[in-house]
Amino acid sequence: MPRNAPRRCSVSRMGAHRETLAIEIDGAAKRYGGPGGFTAVDHVDLAVRSGRVHGLLGPNGAGKTTTLKMLLGLVRPTEGSFSILGEPAGPTVRARVGFLPEQPYFPPLLNAEEVLKLHGRLAGLDAAQIAARGSDLLARVGLEGRGTTRLSKYSRGMLQRVGIAQALIAEPEVVVLDEPASGLDPVGQRDVRNLMLELRESGTTVLLSSHQLSEVEAVCDEVTILNRGRVSARGAIDDLLNVAGRTSVRARGESAVLPADIQSVMEDVAVSGSVWVFSVPDTAVRAVVDILDDNGWTIESIVPKRQSLEEYFSHMLEVTENEVA
Amino acid sequence: MGRILAIAAAVVSDAIRRRIVWVVVLFALILVAVIPMLPSYGQGVIEAVYREVALALVYVAAIVVALVLAANRIPSEVERRTVYTVLVRDVRRWEYTTGTWVGIALTLAAASLVFGVIVFATGWLVYGEPMWTLWQGVLAIWMEAAVVAAFCVAVSAVASPVIVGVSALAFLFLTHVRADLLGGPSNPLWSFYPSLDVFNIIAPVAHGTGVSLAYIATMAVTFAGWAGVLLVLAALGFARRDV
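Residues numbered from 1 in each chain as written. Chains lettered and ligands numbered in written order. Predicted model: local features only at pLDDT ≥ 70, side-chain atom pairs only at ≥ 80, totals over all residues. Heavy atoms only, no water.

## Remarks on the overall build of chain B
Each helix and strand counted, chain B has 11 helices and zero strands in total. Taken from the N to the C terminus, the helices and strands of chain B come in the order α-α-α-α-α-α-α-α-α-α-α. Taking 18 Å as the expected radius of gyration for a compact globule of 243 residues, we find that chain B reaches 19 Å, a close match to that expectation. Projected onto the principal axes, the alpha-carbon positions of chain B cover approximately 60 × 45 × 30 Å. In chain B, the proportion of contacts linking residues at least 24 apart, taken out of those at least 6 apart, comes to 75%. When the accessible surface of chain B is summed, it comes to about 10,700 Å², and 72% of that surface belongs to carbon and sulfur atoms. Each charge sign in chain B was given a centre, from 14 positive and 12 negative side chains, and these centres are 13 Å apart. (Helix = DSSP H or I, 4+ residues; strand = E, 2+ residues; numbered from the N terminus. Rg over C-alpha atoms; globule rule 2.2 N^0.38 Å. Contact = heavy atoms within 4.5 Å. Areas by Shrake-Rupley, 256 points an atom, 1.4 Å probe, with all protein chains shown as cover. Lys, Arg positive; Asp, Glu negative; His and termini not counted. Charge placed at Lys NZ, Arg CZ, Asp CG, Glu CD.)

## What about the packing of helix H7 (residues 134–156) of chain B against helix H11 (residues 213–239) of chain B?
Residue and element names in this part refer to chain B. It is the contact of H7 with H11, at a shortest axis distance of 8 Å, that shows an interaxial angle of 15°. As summarised for this structure, H7 and H11 are arranged roughly parallel, according to the angle between their axes. Read as a crossing pair, H7 and H11 show a hand that is left-handed. Contacts between H7 and H11 involve Gln-136, Leu-139, Ala-140, Trp-142, Met-143, Ala-146, Val-147, Ala-150, Phe-151, Val-153 and Ala-154 on the former and, on the latter, Ile-216, Met-219, Ala-220, Phe-223, Trp-226, Ala-227, Leu-230, Leu-233 and Ala-234. (Axes fitted to C-alpha atoms, helices over the stretch in contact; angles between N-to-C directions. Parallel < 35°, antiparallel > 145°, perpendicular 65-115°, else oblique. Left-handed = near helix turned anticlockwise from the far one by under 90°.)

## As for the domain arrangement of chain A
When the parts of a complex come together, some accessible area is lost, and that lost area is often used as the size of the interface. By the assigned domains, chain A splits into domain 1 (13–239) and domain 2 (244–307). On a C-alpha basis, the centres of domain 1 of chain A and domain 2 of chain A stand 42 Å from each other. (Domains from an automatic or database assignment.)

## Thoughts on the sheet that holds strand S1 (residues 21–32) of chain A
Residues and elements named next belong to chain A. The strand order across the open sheet built from four strands is S2-S1-S4-S5, with neighbouring strands paired in antiparallel fashion. Both edges of this open sheet fall to strand S2 (38–49) and strand S5 (87–88), since each of them pairs with a single strand only. As judged from the two bridges shared by strand S4 (residues 79–84) and S5, these two strands associate in the antiparallel manner. Paired with Ile-84 across the bridge in S5 is Glu-87. Sitting on the sheet, helix H2 (residues 64–71) is in contact with S1, S2 and S4, with an inclination near 115° to S1. (Pairing = 2+ DSSP bridges.)

## Examining the environment of Arg193(A)
All names here are of chain A. Here Arg-193 shows up in helix H7 (residues 186–201). For Arg-193, a relative accessible area of 23% gives the class partly exposed. The spacing of Arg-193 and Lys-64 is 129 residues in sequence and 20 Å in space, taken between C-alpha atoms. Once residues lying within four places of it in the same chain are set aside, the contact partners of Arg-193 are Glu-215, Ala-218 and Val-219. (Buried < 20%, exposed > 50% of the residue type's maximum accessible area, 1.4 Å probe, protein only.)

## Overview of the environment of Thr67(A)
Residue and element names in this part refer to chain A. Its place among the elements puts Thr-67 in helix H2. The class for Thr-67 is buried, based on a relative accessible area of 0%. Residues Thr-67 and Leu-56, spaced 11 residues apart in sequence, show a C-alpha to C-alpha distance of 9.7 Å. A distance of 2.6 Å separates a polar atom in the side chain of Thr-67 from the backbone oxygen of Gly-63. (Polar contact = N/O pair within 3.5 Å; in protein donor to acceptor, adjacent residues only side chain to side chain.)

## So, the interface of chain B and chain A
With 30 residues of chain B at the contact, the number on the chain A side is 34 residues. Each partner contributes to the roughly 2,800 Å² buried at the junction of chain B and chain A, and carbon and sulfur atoms together form 54% of this total. When the buried surface of chain B facing chain A is broken down by residue, Arg17(B), Val88(B) and Arg89(B) rank first, second and third, together holding 27% of it. Taken together, the connections running from chain B to chain A amount to two salt bridges. A salt bridge links Glu114(A) to Arg17(B); its shortest N-O distance comes to 2.5 Å. Counting across the interface, chain B meets chain A through 15 residue pairs in polar contact (both at pLDDT 80 or more). Secondary-structure elements contributing two or more residues to the side of chain B that touches chain A are helix H1 (2–15) and helix H5 (84–87) of chain B. Examining the composition of the side of chain B that touches chain A, we find that nine residues originate from one element, H1(B), more than from any other. (Buried area = accessible area lost by both parts, 1.4 Å probe. Salt bridge = Lys/Arg side-chain N within 4 Å of Asp/Glu carboxyl O.)

## Considering the packing of helix H6 (residues 93–127) of chain B against H7(B)
All names here are of chain B. Where H6 contacts H7, the axes come no closer than 9 Å and their chain directions differ by 155°. When the interaxial angle is binned, H6 and H7 end up roughly antiparallel. Along this stretch, H6 crosses H7, giving a crossing that reads as right-handed. When H6 is examined against H7, the residues Thr-97, Trp-101, Ile-104, Ala-105, Leu-108, Ala-109, Ser-112, Leu-113, Gly-116, Val-117, Val-119 and Phe-120 are found in contact with a partner set consisting of Leu-134, Trp-135, Val-138, Trp-142, Ala-145, Ala-146, Ala-149, Ala-150 and Val-153. Looking at the contact of H6 with H7 residue by residue, the class counts come to 18 nonpolar, three polar and no charged. (Nonpolar A, V, L, I, M, F, W, Y, C, P; charged D, E, K, R; others polar.)

## With respect to the confidence of the model for chain B
The predicted model of chain B averages 91 in pLDDT, with 98% of residues at 70 or higher. Across chain B, the secondary-structure element scoring lowest on mean pLDDT is helix H2 (residues 19–34) of chain B, at 85, and the one scoring highest is H7(B), at 96. (pLDDT = per-residue confidence, 0-100.)

## Regarding the sheet that holds strand S14 (residues 298–306) of chain A
All names here are of chain A. Taken together, the four strands give an open sheet; going across it, the order is S12-S13-S11-S14, and neighbouring strands pair in antiparallel fashion. The strands lining the two open edges of the sheet, one partner per strand, are strand S12 (267–272) and S14. Taking each pair of neighbouring strands and ignoring which way they run, the sheet shows an average axis angle of 20°.

## Topic: the nonpolar core
Across soluble globular proteins, you tend to see nonpolar side chains buried next to one another. Ranked by size, the top nonpolar core spans 164 residues in total, and within it Leu207(A), Tyr50(B), Tyr96(B), Trp101(B), Phe199(B) and Phe238(B) carry the most contacts. By residue number, the principal contributor to this core is H7(B), which donates 17 residues. Setting aside residues up to four positions removed in sequence, Tyr96(B) forms contacts with Ile7(B), Ile74(B), Glu77(B), Val83(B), Val86(B), Leu87(B), Val91(B) and Phe238(B). Judged by nonpolar contacts, the second largest core, of 14 residues, contains Val249(A), Trp276(A), Phe278(A) and Ile291(A). (Core = buried A, V, L, I, M, F, W, Y, C linked by side-chain atoms within 4.5 Å.)

The following block contains the structure:
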């Protein structure tokens, strides 16, 4: 496999083309400083299917934000083509896009209603639409009754909520969220997750850039992982995280140890009280179930073994580091 | 046009809440109020002195307000990333720079209106005559301040606030030394020298009967030319910039 090539690709670009693509990036590159300069993004391809929540993952400096900025016209790409909803990603089609930047900030002397008014007007809404949508969105993001408070008095989490509201003011077909849970408390993070799921249910496409792997795992249908400006992996979450050939067993029993016949095939054992979770080869599942059953254990679940996104991510970065070394 | 006005409206809402703007206005107005306490001159002269000093104060205050509002507007919006959510909409870069300038120019117009009302009212109350020509002077001052704001927007599209401030002062200096550098209109370069002298009508307003409508039209055309050229430069500079 060539260095830095995507490791798994269950959602191939060919496959993605069979469905409508809401966002398509081909060969995006951004270099700073001329020949020999710094390459922030190196020929990144990205395909986001309509109505899906797509995660863009990567460590700091991976090129996530630069890729989003090129898509949205904030940074001029060195190379590459960008399209949104089937059109070149210019100002016209951006009227159908909502964007939440990382740690959004607004003129501090304005209030939330004025910010929504500005963005509503820029999106072509009339005064009545802005008023209706504005009050609805402020309530939806938990800022009901705070619309006339100056933003200089807002906490970072409240600014984040204003940012989400302005991104949704024009009922966009595509929403690009850069670290949407940044600065939010756990309740706020849950609200953002629910919001993304609501958007998906309503058919809105969401491109989510995040460090928070649990957030990505909870809401994303597919992910693209960037590292050092390149795509390291892409695909459906399940395909990326399921461990081929192994099954995870969760069983409950009174015994302090598992039957001896199982111990020779089990791995990744975790015990909490009387509950045991371990993995076994797929080929041994039937035998393991019989042994547990014969010994009076209660089997609570048998599912394909899946590593956490954190584990996957750490492993992927480790491999990349080794390749570079 | 709607997007430009939307951006301008947000700039006005933000700018009129800046304390520094109104501190400058208040300070200038206090000075205007004390002008009548200057040593008395002969009748007819003291009114002219009042008009001259009042317009000079308004000029300085308007230029300071223009620099305060325009020099750091775009750099701070880029640095704070407030510009992101605006530019990712159906907004062209030139619409953003133009809307920013229009908002600053409207705020300057509001400040100039306040200046004008106070200067006019003080003159009428103290000297018992309505000095209508003062409004010509206020209009000229607003035009020049708005041109300075356009210059700041153009430079700030590609440079830091410090560079903007220094270059704006240099711009003001260079655009007012045509007569010193070239002598007079007989110099062949006279018509080509970039000058803001057309807006300097303090002398005819303070000591004469003001300027004609034709001259005001000349000022308006000059204003539109300066603003247009500077806004094109602002748009070109900002269009190529990564934010």
